[in-house]
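Here is what each chain is made of, one letter per residue.
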Amino acid sequence: MKKYLILAAILTISSGLMAQNTEKKTTSSNTPADSLLNSLSSDDKSAPVVIFKSSRMVLSQSSETVKKNNLNFLIIHRFGDFAGKDGGGQTYFGLDDVSDVYIGFEYGITDNLNIDIGRTTIGGLADLELKYALLHQTTNGGSPLAITLIGEGGLRPYGDYPTFDDRMSYFAQAIFARKFSDEISLQIAPSYTRDNLPIPDVAGNQQQFISLSGTARIRLSNHMGFIIDYAHPFSSYRTSSNGFHDPLGFGLEMETGGHVFTINITNARAVDEINYLSNTQSTYSKGQYRLGFTISRMFQTKHKKED
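Residues numbered from 1 in each chain as written. Predicted model: local features only at pLDDT ≥ 70, side-chain atom pairs only at ≥ 80, totals over all residues. Heavy atoms only, no water.

1. As for the overall build of the chain
Stage number 1. Tallying secondary structure elements over the chain gives three helices and 12 strands in all.
Stage number 2. The buried share of the chain, reckoned over its 307 residues, is 44%.
Stage number 3. When contacts within the chain are restricted to residue pairs at least 6 apart in sequence, those whose partners lie at least 24 apart make up 59%.
Stage number 4. Surface summary for the chain: the accessible area is close to 15,500 Å², and the carbon and sulfur share equals 60%. (Helix = DSSP H or I, 4+ residues; strand = E, 2+ residues; numbered from the N terminus. Buried < 20%, exposed > 50% of the residue type's maximum accessible area, 1.4 Å probe, protein only. Contact = heavy atoms within 4.5 Å. Areas by Shrake-Rupley, 256 points an atom, 1.4 Å probe, with all protein chains shown as cover.)

As structure tokens, then:
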């Protein structure tokens, strides 16, 4: 039952903060920005709610999409073990080592449809992804949640593989997200992963499995939030007795103009969902957790003509 405690805790936190927010509605004061947003929302009864500040959390992707003609440039970095036999002062608490680096781009074909490309160090995995916002949470409560779909194909172009098909992996996910209050946003995301050649390629490992991820963002200020991100693969092989552990991360997210910067701690070495869901064998109890960061920079590729 311990493997479900973190997901349960996320749900409990969200329920408690939602109740507190209901009690405060009559007494809370609005900022000038809130007043402006409310006035705009009154003219558009079905305006979509912005649930998260960026498209990437600590481990998971969020339900948010990059808007039409915008380009999001991503750098995601994981350092080495902070403690344990491979960490500590000998590696400057992991800063001398690199576990994984991801460089990618997310482009808005429309406000609801993105095409994403990227490459990660682990396995040399190159990915191509489509992300579609199927449903938005709306300000008038007409839609109580947002639903976003992700489909990804991954290719490992280098290394020795029996066939080209063995180089391929696939990932599909449905994200169900809701902003419960100004203080908390929550998402739950079931997913499917398939590695044509199992990762790791050992006897008894499965080619395909499903997972469930849970992510919560707790607002600390107008431009800062705390993130809890957890995933559990439902796999008879990926168990603690076989050396596998559920990915778990904590992050501090900071918004600075066109940048969103997140500094985090996680036991997952890998950045890409295919890699960290398939093969996380690090645990906090042995000091196998690491510092990391995400830099997200948004560019507008087409500017509106001025009157």
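2. Considering the environment of S221
Stage number 1. Of note, S221 is situated in strand β8 (residues 208–221).
Stage number 2. The spacing of S221 and E183 is 38 residues in sequence and 8.9 Å in space, taken between C-alpha atoms.

3. As for the nonpolar core
Stage number 1. Residues I51, F52, L59, F171, Y276 and L277 are the most contacted members of the largest nonpolar core, which totals 21 residues.
Stage number 2. When contributions to this core are tallied by element, the ones reaching two or more residues are β5 (146–155), β6 (168–179), β9 (224–234) and α3 (273–278).
Stage number 3. Beyond its immediate stretch of four places on either side in the chain, F52 contacts M57, S62, S63, E64, A177, S185, L186, Q187 and R217. (Core = buried A, V, L, I, M, F, W, Y, C linked by side-chain atoms within 4.5 Å.)

4. Section: the layout of surface pockets
Stage number 1. Taken as a whole, the second largest pocket encloses approximately 590 Å³ of empty space.
Stage number 2. Surrounding the second largest pocket, 28 residues form its lining, K53, E64, T65, K67 and M298 being those nearest its centre.
Stage number 3. Residues of the lining of the second largest pocket, tallied by class, amount to 11 nonpolar, 13 polar and four charged. (1 Å grid on protein atoms, 1.4 Å probe; cavity = no way out; pocket = protein on both sides within 12 Å on 5 of 7 lines; lining within 4 Å. Points joined across faces, edges and corners; volume = space filled by probe spheres on them. Nonpolar A, V, L, I, M, F, W, Y, C, P; charged D, E, K, R; others polar.)

5. Notes on the sheet that holds strand β11 (residues 259–266)
Each strand in a sheet pairs with another by means of backbone hydrogen bonds, the pair being arranged parallel or else antiparallel.
Stage number 1. On the basis of which strands lie adjacent, the closed barrel formed by 12 strands has the order β1-β2-β3-β4-β5-β6-β7-β8-β9-β10-β11-β12 and antiparallel pairing. Taken over all neighbouring pairs, the strand axes of this sheet differ in orientation by 20 degrees on average, direction set aside.
Stage number 2. As judged from the nine bridges shared by strand β1 (residues 70–79) and strand β12 (residues 290–300), these two strands associate in the antiparallel manner. Bridge pairing in β12 places I75 opposite I295. (Pairing = 2+ DSSP bridges. Axes fitted to C-alpha atoms, helices over the stretch in contact; angles between N-to-C directions.)

6. Quick word on the pattern of salt bridges
Stage number 1. The full count for this structure, using the stated rule, is five salt bridges.
Stage number 2. The residue D81 makes a salt bridge to R290 at a minimum N-O spacing of 2.2 Å. Here D81 is found in the loop between β1 and β2 (98–108), whereas its partner R290 is found in strand β12, with 209 residues between them in sequence. Assigned by exposure class, D81 and R290 land together as buried.
Stage number 3. Among the salt bridges present, the one from R217 reaches E253, with a minimum N-O distance of 2.6 Å. In this pair, R217 sits in strand β8 while E253 sits in strand β10 (residues 248–256), placing the two residues 36 residues apart along the sequence. (Salt bridge = Lys/Arg side-chain N within 4 Å of Asp/Glu carboxyl O.)

7. So, unusual backbone geometry
Stage number 1. Following I199, the chain continues into P200 via a peptide bond in cis, with omega recorded as -10 degrees.
Stage number 2. Note that P200 resides in the loop between β7 (184–195) and β8.
Stage number 3. Even without being glycine, N69 reaches a positive phi, approximately 70 degrees.
Stage number 4. For N69, the location among the structural elements is in the loop between α2 (32–43) and β1.
Stage number 5. For N69, a relative accessible area of 17% puts it in the buried group.
Stage number 6. The backbone of Y92 sits at a positive phi, close to 55 degrees, despite the residue not being glycine.
Stage number 7. Its location among the elements puts Y92 in the loop between β1 and β2.

8. Concerning the environment of F79
Stage number 1. Take F79: it is sitting in strand β1.
Stage number 2. When its relative accessible area of 17% is taken as the criterion, F79 is described as buried.
Stage number 3. Each C-alpha atom, one on F79 and one on L95, is 5.6 Å from the other, the two residues being 16 residues apart in sequence.

9. Points about the pairing of β8
Put simply, side chains in a regular strand alternate between the two faces of the sheet.
Stage number 1. As paired strands, β7 and β8 are joined by 11 bridges and run antiparallel to one another. Its bridge partner being in β8, I184 is matched across the sheet by I218.
Stage number 2. Where β8 folds back on β9, the antiparallel hairpin that results is connected by two residues.

10. With respect to the packing of aromatic side chains
Stage number 1. Applying the stated criterion across every chain yields a total of nine aromatic pairs.
Stage number 2. Relative to F293, the ring of F79 has its centre 6.2 Å away and its plane inclined at 55 degrees; by these criteria the two rings are tilted. Separated by 214 residues along the polypeptide, F79 in strand β1 and F293 in strand β12 bring together distant segments of the chain.
Stage number 3. An angle of 15 degrees between the planes, with centres 5.5 Å apart, marks the rings of Y284 and Y289 as stacked.
Stage number 4. Among the aromatic residues, ring-to-ring pairing joins F82, F93, F226, F250, Y284 and Y289 into one connected group. (Phe/Tyr/Trp six-rings, centres within 6.5 Å; stacked < 30°, edge-to-face > 60°.)

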